[in-house]
Each structure stands twice: as C-alpha cells, then as structure tokens.
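# Structural overview for review
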Amino acid sequence: QWQCEMRKRCGVSKGGSLDRGSTLVELMIAVAVIALTLTLAVGSFTSSIHRTSNDKALSEMLGTIAFGRSEAVRRGKAVLMGAQSPVNENEWGSGWRLWIDNDNNNAFNSGADELIRTMPAVSGAKIDSSVNNTVLLVFRVSGRVDLMYQSNTAQTAESFDICSSGNSCRQFTLAKSGYLEETN
C-alpha cells in the first residue's frame with residue numbers, strides 16, 4: 001500500500017508509465033478548435049446584430065406610418081411625414097417627423113406647422129428612398145397615402161432600402177394603401 005501511495009505522489013500511473021499531462025501539440029489543437037468556434041460564433045452574432053438593426057428601423061418606420069394614418073383620420077386633416085435632414089443615399093437615416101402642414105407648402109415650418117412626432121435616427125441603419133429626391137408621405141383623411149417628391153409630383157409607390165452598417169439590405173415598397181411590402 002505504501003508503494004501505491006508513492007506512485008500517485010510521484011506521478012506514476014497504474015500501468016507503470018509516467019503521467020506527464022498534455023503535449024504541446026494537443027494544447028495547440030485545443031486552442032485552434034476554440035479559436036475556430038469563436039470565429040464562427042462572432043460571425044453569426046455580427047449578422048444577427050445587423051438584422052436586428054434593420055428590423056428596428058423597419059419597425060420604427062411602420063409604426064410611424066400607422067400612427068400618421070390614424071392621426072390623419074382622427075384629426076380630419078392631412079398629416080405629412082418627411083425626413084428630418086435628408087442626405088443623399090440616406091434620406092431617412094437621420095430620422096423623420098410627422099406634422100400638419102398648416103401653410104400648405106409641403107415642407108415643415110416650425111412657426112406655422114403643427115409638429116406631431118419626431119423620430120430620431122435609428123442607430124446602425126441607413127434608410128434610403130428609391131429616388132434621390134426628398135419624398136413626403138401625405139396621409140389623407142381617408143387613410144390613403146400619397147407620395148410627393150420635392151417637385152410636388154405624386155407617385156404611385158415608393159421603395160425604401162433599409163441597410164445596416166454591414167451592408168445587409170432589405171427593400172420595401174410602400175403602396176398608396178399604406179401597406180409596406182418587402183420586395184426582395
């Protein structure tokens with residue numbers, strides 16, 4: 001029994017060979033497997049973050065469109081929705097506002113128009129309309145949506161590209177009914 005205790009203390013296994021632990025090659029393989037697993041996990045986590053950013057931007061836009069339509073019906077007046085600080089290739093990315101256009105000039109004027117709601121920029125998302133003109137969504141008392149460009153020409157539908165900072169994009173078309181449908 002004394003010999004058995006000595007073997008354990010001395011690092012000798014039952015078979016009589018020395019128990020030396022892991023080799024450097026085994027350690028390097030374990031590190032490589034862990035690194036590969038982390039790389040795959042971080043990659044899918046990043047794409048999940050981009051998808052979440054797109055979903056948040058879409059949700060914010062859909063919520064504002066629904067609210068604008070309901071406000072137009074409730075108030076009995078047309079309600080406009082437009083980008084706050086339009087920038088080419090990211091017209092809506094800086095946020096948007098809803099207002100009643102009391103001076104009928106299709107532009108927000110803080111002195112004359114009634115501001116209903118301001119939506120801040122959605123972090124990590126770029127929201128671009130299909131044309132390089134600033135588009136206004138005009139919610140009518142009937143619940144319909146008219147699309148007006150800077151040139152005051154009405155359009156039948158408007159496409160929006162909602163992209164994350166990782167260039168993961170989704171395209172949506174807004175119909176006159178106010179329904180936003182994914183087109184790609």
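Up top is the structure these notes are about.
Reference entry: report on the structure contained in this document. (Residues numbered from 1 in each chain as written. Predicted model: local features only at pLDDT ≥ 70, side-chain atom pairs only at ≥ 80, totals over all residues. Heavy atoms only, no water.)

Take the overall build of the chain next. Counting its secondary structure elements, the chain contains two helices and 10 strands. The N-to-C order of helical and strand elements in the chain reads α-α-β-β-β-β-β-β-β-β-β-β. Relative to its full complement of 184 residues, the chain shows a buried share of 31%. If you take every contact in the chain between residues at least 6 apart in sequence, the share linking residues at least 24 apart comes to 50%. Element-wise, carbon and sulfur atoms account for 55% of the exposed surface of the chain, whose accessible area totals about 11100 Å². (Helix = DSSP H or I, 4+ residues; strand = E, 2+ residues; numbered from the N terminus. Buried < 20%, exposed > 50% of the residue type's maximum accessible area, 1.4 Å probe, protein only. Contact = heavy atoms within 4.5 Å. Areas by Shrake-Rupley, 256 points an atom, 1.4 Å probe, with all protein chains shown as cover.)

Within soluble globular proteins, side chains that are nonpolar tend to cluster in buried spots. The biggest cluster of nonpolar side chains holds 26 residues, and the ones touching the most others in it are Met61, Met81, Trp92, Trp96, Ile127, Leu137 and Phe139. Examining the composition of this core, we find that five residues originate from one element, helix H2 (residues 24–75), more than from any other. With five residues, the next largest nonpolar core counts Leu80, Leu136, Val138 and Met148 among its residues. (Core = buried A, V, L, I, M, F, W, Y, C linked by side-chain atoms within 4.5 Å.)

Let us now look at the pattern of salt bridges. Counted according to the given criterion, the structure contains three salt bridges. A salt bridge links Arg74 to Glu71; the shortest N-O distance between them is 3.0 Å. Placement of the pair is Arg74 and Glu71 together in helix H2, with a separation of three residues, close to one helical turn. For Arg74, a relative accessible area of 58% corresponds to the exposed category. Overlapping salt bridges, with partners in common, bring together Glu71, Arg74, Arg75 and Glu114 in one network. (Salt bridge = Lys/Arg side-chain N within 4 Å of Asp/Glu carboxyl O.)

Our focus in this paragraph is the side chain of Asp113. Tracing the backbone shows Asp113 in the loop between strand E2 (96–100) and strand E3 (114–119). At 8.6 Å, Arg97 is the nearest oppositely charged side chain to Asp113, a buried residue that forms no salt bridge. Within the structure, the side chain of Asp113 is placed 2.9 Å from the backbone nitrogen of Asn102, a separation counted as a polar contact. (Lys, Arg positive; Asp, Glu negative; His and termini not counted. Polar contact = N/O pair within 3.5 Å; in protein donor to acceptor, adjacent residues only side chain to side chain.)

Judged by side-chain polarity, Leu24, Leu27, Met28 and Val31 come together as a nonpolar surface patch covering roughly 430 Å² of accessible area. With respect to the helices and strands, Leu24 occurs in helix H2. (Patch = residues over 30% accessible without salt bridge, like charges linked within 9 Å, V, L, I, M, F, W, Y side chains within 5 Å.)

Taken across its five residues, strand E5 (residues 135–139) has five buried, putting it largely inside the fold. Every second residue of E5 is oriented toward a common face, with Val135, Leu137 and Phe139 on one face and Leu136 and Val138 on the other, all of them buried. The sheet contact formed by strand E1 (residues 79–83) and E5 spans four bridges and is antiparallel. When the sheet's bridge partners are listed, Gly82 is paired in E5 with Leu136. (Pairing = 2+ DSSP bridges.)

Turning next to the environment of Asn102. Take Asn102: it is sitting in the loop between E2 and E3. The contact partners of Asn102, leaving out residues within four places of it in the chain, are Lys77, Ala112, Asp113 and Glu114. Within polar-contact distance, the side chain of Asn102 engages the backbone oxygen of Ala112 at 3.0 Å.

Scanning the entire structure with this criterion turns up one aromatic pair. Ring centres of Trp99 and Phe108 lie 5.7 Å apart, and the angle between their planes is 70°; this geometry places the pair in the edge-to-face category. Overall, the relative accessible area of 26% leaves Phe108 in the partly exposed class. The ring of Phe67 is capped by Arg117, whose NZ or CZ atom sits 3.8 Å from the centre of that ring. (Phe/Tyr/Trp six-rings, centres within 6.5 Å; stacked < 30°, edge-to-face > 60°. Lys NZ or Arg CZ within 6 Å of the ring centre and 35° of its normal.)

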